[in-house]
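What follows is the residue order along each chain.
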Amino acid sequence: MKKTVIVNIYNFIRKSHEEPSRFIQDDFDTIQKQIQVVRQYGLPATYALKYDALTDGRYQKLLRENTDPQDEISAWWEITRELCEKAGVRFRGKVTEEFDERVNSAYSIGYEPEERRRLVDAYMDTFREVFGRYPQSIGSWVLDTVTLEYAARKYGITAGATCRDQIGTDGFTLWGGYPNGVYYPSRLNENLPSQAVENQLPVPVFRRADGTRIEMEHEGFAYHLTVERGTVTKAGAEGVCIAPVDGKISLRLADAAPAGPLYTPQYLQDPAPLDRVGTAWKPTDRIPPFPPEMCPATCIFPSGTQAEVTLHTRQEGVVRYTTDGSVPDEHAPVYTGPITLREDTELSVRLFLPDGRCSEVARARYRFVLTEMELQSHTRFAPRAVFSRGGIRGLLAPRRGSCDYLCGEWLGTLQDLDVTAVLPHPREIESIGLGFLSHHRSGIVFPEYIELFTGPDAANLTLKDTLRLPCAPCEREIVKKDFVFPVGETLGSFRVVARRYARMPAWCAYKGVPDVFTMADTLLVKPKDP
């Protein structure tokens, strides 16, 4: 059966996720990389600007210089103090000792209807001053009918983007809205399609970040829906019942009328007047090529062995590399085959094309450590497979964690991480370390302090050292770092305890919240002699 799939690449851009707004280099770099990847594939995209990013010269320059005519620059509707000041509206935000979800201050639903119109006027005035026109679409986690209607009527907004259904996420719940796809919202409720033309807003709304789409057939009829979580219960001839975990809400579906055609004959005959942006793949020669990929990526190897790393590219060219962490230039060695490693190495690689373009530098760090030991732990790890890494033995797995905490290589817990290792035989150890992740906007921070106990066996361990980590923001928003104890003694066993904060520190996005996540990837035990 032929299917039509519509994909919107939608990137909302904030200068800051908190108030007062502050420039975050990690976020800027991420947007820059995302624009580059989209352009490398020649795809169109929408970049929706929150007011703090709209007024920041760095983001203005980035979008002016790095977007194509097929791209769209639009409005991201989160309210900031600066926008309120320009509109003459009282900002609802507040500063507290605990995390403020900011639902009533960051979204327009927290403001009176007349205030919402003034906020739209203020935003549109600045947008036109910066880009010389008004945006064509507006998006947010939470939209409202007043804002949509006013932005469409006065400024020509042609589309809106809103959030999928969610329960208790970011301090608010949206549930029971249109399951999937695009719809014309009701003037009474922007989350539901209008049942009659005279009651609809003339602005189609797209649902962003939809959950898993269920497509099944039961007792002769087909149904399609999206659910955030819950169970599917057979209901016989009456249909199918979808019930959330708490059982408070249920949705019963029965046989539906056949769906009409996705495209009207008028659109199929001449789509150009309705399509505002092109959707064809468009190669370009103005952007850097993809960097080489390393196989394996950053990982550990058993001490005393040798390893090989191979490089792969998506485009034809010359690959050059260095093994000391420096940036490869035109004088660096040329890759001709697998690179042999016998010691700790930071490999840097780069692709050079015949037309003079070169890729960004790709880096991977390889460590040679002890991997044969017995690990014991009473720590309760996260039940989700993506955070459990197969249990405590995951700390000896070859692959290292990345800056993406969902990569599957991080071992997560809401308790102190406590691990005891027993070596096959006594060994002179040079150092013992453990890798951690800090991503405080996702509730993940480095431990408050780490303790190392050493001894001849697991029953006779004494405290050797305590490493107290700075209670302060890291140099970047997302950081992975190895914390290493010098040892310099012969031992048969050791214990590492990473003590987490009782509550998220004041500098974190979720300050004051008790659920502090600790994530570790690899135990790094360096012998004196391989």
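Thresholds, definitions, all that
- Residues numbered from 1 in each chain as written.
- Predicted model: local features only at pLDDT ≥ 70, side-chain atom pairs only at ≥ 80, totals over all residues.
- Heavy atoms only, no water.
- Helix = DSSP H or I, 4+ residues; strand = E, 2+ residues; numbered from the N terminus.
- Buried < 20%, exposed > 50% of the residue type's maximum accessible area, 1.4 Å probe, protein only.
- Areas by Shrake-Rupley, 256 points an atom, 1.4 Å probe, with all protein chains shown as cover.
- Axes fitted to C-alpha atoms, helices over the stretch in contact; angles between N-to-C directions.
- Parallel < 35°, antiparallel > 145°, perpendicular 65-115°, else oblique.
- Contact = heavy atoms within 4.5 Å.
- Nonpolar A, V, L, I, M, F, W, Y, C, P; charged D, E, K, R; others polar.
- Salt bridge = Lys/Arg side-chain N within 4 Å of Asp/Glu carboxyl O.
- Phe/Tyr/Trp six-rings, centres within 6.5 Å; stacked < 30°, edge-to-face > 60°.
- Lys NZ or Arg CZ within 6 Å of the ring centre and 35° of its normal.
- pLDDT = per-residue confidence, 0-100.
- Pairing = 2+ DSSP bridges.
- Patch = residues over 30% accessible without salt bridge, like charges linked within 9 Å, V, L, I, M, F, W, Y side chains within 5 Å.
- Right-handed = clockwise from strand over helix to strand, strands pointing away.
- Polar contact = N/O pair within 3.5 Å; in protein donor to acceptor, adjacent residues only side chain to side chain.

Undergrad: Summarise the overall build of the chain; cite the residues concerned and give the values.
TA: A count of helices and strands for the chain gives nine helices and 28 strands. Buried residues in the chain amount to 47% of all 530 residues. In the form shown here, the chain has an accessible surface area of approximately 27,300 Å², with 51% of it arising from carbon and sulfur atoms.

Undergrad: Lay out the packing of helix α1 (residues 25-40) against helix α3 (residues 57-66) with the relevant residues and their values.
TA: A pair of packed helices can be characterised by two numbers: the angle between their axes and the separation between those axes. Contact pair α1 / α3: the axes reach a minimum separation of 11 Å and the direction vectors enclose 10°. As the angle between them shows, α1 and α3 are arranged roughly parallel. Together, D27, F28, I31, Q32, I35 and R39 of α1 and R58, Y59, L62, L63 and N66 of α3 make up the contact between the two elements. Taken together, the residues that form the contact of α1 with α3 break down as six nonpolar, two polar and three charged.

Undergrad: Residue-level account of the pattern of salt bridges, with values.
TA: Overall, the coordinates contain 34 salt bridges when judged by the stated rule. The partner of R476 in a salt bridge is D29, with the nearest N and O atoms 2.6 Å apart. One end of the pair, R476, is in the loop between β26 (462-468) and β27 (478-499); the other, D29, is in helix α1, with 447 residues separating them in the sequence. Take R476: its relative accessible area is 35%, and that puts it in the partly exposed class. The salt bridge involving R363 is made with E346; its shortest N-O contact spans 4.0 Å. Linking R363 in strand β21 (residues 362-369) with E346 in strand β20 (residues 345-352), this pair joins segments that are 17 residues apart in sequence. Judged by relative accessible area, R363 falls into the partly exposed class, the value being 42%. The class of E346 is partly exposed, set by a relative accessible area of 33%. Through salt bridges with shared partners, one network takes in D344, R367, R400, D482, D521 and K526.

Undergrad: So, the packing of aromatic side chains: which residues are in play, and what are the values?
TA: Taken as a whole, this structure holds 20 aromatic pairs when the rule is applied. With 5.0 Å between their ring centres and 45° between their planes, F127 and F131 make a pair best called tilted. Of this pair, F127 and F131 both sit in helix α6 (residues 113-131), separated by four residues, roughly a single helical turn. Judged by its relative accessible area of 18%, F131 falls in the buried class. Among the aromatic residues, ring-to-ring pairing joins Y51, W77, Y123, F127 and F131 into one connected group. One cation-aromatic arrangement involves R64 over F131; the distance from NZ or CZ to the ring centre is 5.7 Å. Across the ring face of F290, the terminal group of R314 is positioned such that the distance to the ring centre comes to 4.1 Å.

Undergrad: Give a description of the environment of P470 that names residues and reports values.
TA: Along the chain, P470 falls in the loop between β26 and β27. Owing to a relative accessible area of 66%, P470 belongs among the exposed residues under this scheme. Along the chain, P470 and E448 lie 22 residues apart, while their C-alpha atoms are 7.7 Å from each other.

Undergrad: Give me the lowdown on the confidence of the model for the chain, citing residues and values where you can.
TA: With 82% of its residues at a pLDDT of 70 or more, the chain has an overall mean of 86. The low-confidence segment residues 212-259, where pLDDT is below 50, has 84 contacts with residues more than four positions distant or belonging to other chains. Confidence drops under a pLDDT of 50 for residues 277-281, and excluding neighbours within four residues, the segment shows eight contacts in the predicted structure.

Undergrad: Residue-level account of the sheet that holds strand β15 (residues 293-295), with values.
TA: Each strand in a sheet pairs with its neighbour through backbone hydrogen bonds, running either in the same direction (parallel) or in the opposite one (antiparallel). Pairing is antiparallel in the open sheet, where three strands are placed in the order β15-β17-β19. Bordering the open sheet on either side are β15 and β19 (339-341), each of which pairs with just one other strand. Ignoring strand direction, the axes of neighbouring strands in this sheet form an average angle of 30°.

Undergrad: I'd like a description of a nonpolar patch on the surface, backed by residues and values.
TA: A cluster of nonpolar residues, V37, Y41 and L43, forms a patch on the protein surface that exposes about 220 Å² of accessible area. The exposure class assigned to V37 is partly exposed, which follows from its relative accessible area of 37%.

Undergrad: Tell me about the sheet that holds strand β3 (residues 72-76), and please be specific about residues and values.
TA: Taken in spatial order, the seven strands make up an open sheet running β1-β2-β3-β4-β5-β9-β8, and their pairing is mixed. Unpaired on one side and paired on the other, β1 (10-13) and β8 (182-183) mark the two borders of the sheet. Of the strand pairs in this sheet, β1 and strand β2 (residues 46-49) are connected by four bridges, and their pairing is parallel. Counterpart to F12 in the pairing with β2 is A48.

Undergrad: Can you break down the pairing of β1 residue by residue, with the values?
TA: Side chains of β1 alternate between two faces, with N11 and I13 buried and Y10 and F12 left unburied. Considered for its hand, the β-α-β crossover made up of β1, α1 and β2 is right-handed.

Undergrad: So what about helix α7 (residues 145-155)? Which residues, and what values?
TA: Residues spaced three or four apart along an α-helix face the same direction, because each turn holds 3.6 residues. Counted residue by residue, α7 has eight buried out of eleven residues, so it is predominantly covered. For α7, the set of buried residues is T145, V146, T147, L148, Y150, A151, A152 and Y155. Buried-residue contacts for α7 involve α6, β4 (137-139), β5 (159-163) and β9 (205-208). With its phi angle positive at about 80°, G156 sits one or two positions after the end of α7.

Undergrad: Report on the environment of Y51, specifying residues and quantitative values.
TA: Looking at the element boundaries, Y51 is found in helix α2 (residues 51-54). For the pair Y51 and A122, spaced 71 residues apart in sequence, the C-alpha to C-alpha distance is 9.8 Å. The contacts of Y51, once residues within four sequence positions are left out, are T80, E82, L83, K86, A122, Y123 and T126. Side chain to side chain, Y51 and T126 meet in a polar contact 3.1 Å long.

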